[in-house]
Amino acid sequence: MREPIVIANWKMNGSTEANRVWVEKFLQLRGDLECRTAVCAPFVYLPQLVSLLKGSGVAVGAETVSSRKNGAFTGEVSADMLADIGVTLSIVGHSERRTLWKETDEDVAEQAALLIEAGIAPVVCVGETLEERESGRTEEVVLRQLRAVLARVPAARLGAVAYEPVWAIGTGRTATPEAAQAVHAALRAELRASDAAAADKLPLLYGGSVKPANAHELFSCPDIDGGLIGGAALRAEDFHCVCSAARAD
Ligand code: PGA
């Protein structure tokens, strides 16, 4: 049985005051959620979140990490630094990083390897563009992205894999549960081929315009074990609603 996990991805949003209010509200609402939860935030707010969420069971994650270990890389933040301040997971390969910052499959694999070495669980994002979907290349693209990581690190060491169709991120367009499930099943099969036991345990998350109104339907699919939530994670109330749709089966 896989315990579902729902992860907030705040992207470049937040302030010390807004974060404090969000955490207070979410911890108040949290009650008896049946899923694990995590908040991924900009680097500068991670120490604040580690401190506010200490002992709460809500994990704190980064949104990306350097693909270099340490040294003369101005502006970069390393996996070891994240571990040093108590961060336990990190997103890698988000499509905004792949497209806007030109991160490659190899960069993402290297980031995952450095995180694992530092004791941090990578949440690996994969996803196709609209053009790739329309030309029937969805599986080819997401499997290529996943294989690049699996060539570098064992599946058993990943925290999660998140399928995020690029055309669904921040657009209000969501993959239908059937379309998302089909991609998740392909990802699971690929993981199984590399490590069957790990594949059965690894949470596969869906991301891309998940909101309270569609979370239940998506999370009910057999291979969707939770979500990576952007826009709907900016309000603690909405994020809580999305989290309550994730049920342990
Ligand atoms: P969204 O973002 O929920 O706003 O579509 C998801 C993500 O980019 O992780």
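Everything in this summary refers to the structure shown in the same document. On a predicted model such as this, the values are computed, not experimentally measured, just so you know. Along each chain, the written sequence defines residue order, and numbers are assigned to residues from 1. Local features are withheld for residues below a pLDDT of 70 in this predicted model, meaning they are given only at 70 or higher, and side-chain atom pairs are given and counted only at 80 or more; totals for whole chains, interfaces and linings count all residues. Excluded from the side-chain calculation are hydrogens and water; included are all heavy atoms of the structure.

## Topic: the packing of aromatic side chains
Only Phe, Tyr and Trp rings take part, Trp by its six-membered ring, and two of them pair if their centres are within 6.5 Å. Stacked means planes under 30 degrees apart, edge-to-face means over 60, and tilted covers everything else. Applying the stated rule across the entire model yields five aromatic pairs. A centroid spacing of 5.6 Å and a plane angle of 40 degrees characterise the contact between Trp22 and Phe239, whose relative ring orientation is tilted. Of the two residues, Trp22 sits in helix α1 (residues 16-29) while Phe239 sits in helix α11 (residues 236-244), which places them 217 residues apart along the sequence. Classification of Trp22 by relative accessible area gives buried; the value is 5%. Here's how the labels work: a residue is buried when its accessible area is under 20% of the maximum for its type, exposed when over 50%, partly exposed in between, all with a 1.4 Å probe on protein chains only. What makes Phe239 buried here is its relative accessible area of 0%. Members of the aromatic cluster, each reached through a chain of ring pairs, are Trp10, Trp22, Phe26 and Phe239. Helical segments are the DSSP runs of H or I of at least four residues, strand segments are the runs of E of at least two, and each set is numbered from the N terminus.

## Here we look at the packing of helix α10 (residues 212-219) against α11
Running from amino to carboxyl end, α10 crosses α11 at an angle of 20 degrees, the nearest separation of the two axes being 8 Å. Looking at the two axes, α10 sits roughly parallel to α11. For the crossing formed where α10 meets α11, the hand is right-handed. The residues of α11 that touch α10, namely those facing Pro212, Ala215 and Phe219, are Asp238, Cys241 and Val242. The nonpolar class holds Ala, Val, Leu, Ile, Met, Phe, Trp, Tyr, Cys and Pro. Asp, Glu, Lys and Arg form the charged class, and all remaining residues, Gly among them, are polar. Here the residues of the contact of α10 with α11 are counted per class, giving five nonpolar, no polar and one charged. In this analysis an axis means a line fitted to C-alpha atoms, helices contributing only their contacting stretch, and an angle means the value between N-to-C directions, from 0 to 180 degrees. Every angle not falling under 35 degrees, over 145, or within 65 to 115 is termed oblique; those three ranges are roughly parallel, roughly antiparallel and roughly perpendicular. Note: crossing handedness is left-handed where the near helix turns anticlockwise from the far helix by less than a right angle, and right-handed where it turns clockwise. Contacts are residue-level and defined by heavy atoms, with any inter-residue pair within 4.5 Å sufficient.

## Let's talk about the site of the ligand
The immediate surroundings of the ligand are formed by Asn9, Lys11, His94, Glu164, Ala168, Ile169, Gly170, Gly208, Ser209, Leu228, Gly230 and Gly231. Measuring from an oxygen atom of the ligand, one finds a backbone N or O atom of Ser209 at 2.7 Å. The class makeup of the residues in the shell around the ligand is three nonpolar, seven polar and two charged. A single heavy atom is enough: if one lies within 4 Å of a molecule or strand, its residue is considered near that molecule or strand. Two N or O atoms form a polar contact when they lie within 3.5 Å of each other; inside protein one atom must be a possible hydrogen donor and the other a possible acceptor, and for residues adjacent in sequence the pair counts only when both atoms belong to side chains.

## Some details on the pairing of strand β2 (residues 36-41)
Taken across its six residues, β2 has five buried, putting it largely inside the fold. Being paired, for any two strands, means DSSP has found at least two bridges between them. Across five bridges, the pairing between strand β1 (residues 5-9) and β2 is parallel. Among the inter-strand pairings, Val6 is bridged to a residue of β2, identified as Thr37. Where β2 and strand β3 (residues 59-62) come together, four bridges link them in parallel fashion. Considered in β3, the bridge of Cys40 is made with Gly61. Orient the strands so they point away from the viewer; a crossover is then right-handed if the path from the first strand over the helix to the second runs clockwise. Crossover handedness for the path β2 to helix α2 (residues 46-52) to β3: right-handed.

## Quick look at the environment of Val44
With respect to the secondary-structure elements, Val44 resides in the loop between β2 and α2. A relative accessible area of 65% means that Val44 is categorised as exposed. Along the sequence, Val44 and Ala236 sit 192 residues apart, while their C-alpha atoms lie 20 Å from each other.

## Describing unusual backbone geometry
What is expected of a backbone is that most residues other than glycine have negative phi and most peptide bonds are trans. Positive phi outside glycine occurs at Lys102, with the angle close to 55 degrees. As for its placement among the helices and strands, Lys102 is situated in the loop between α4 (95-100) and α5 (105-117). For Lys102, a relative accessible area of 61% gives the class exposed. Residue Ser209 is not a glycine yet carries a positive backbone phi of 55 degrees.

Coordinates in, geometry out; function isn't part of it.
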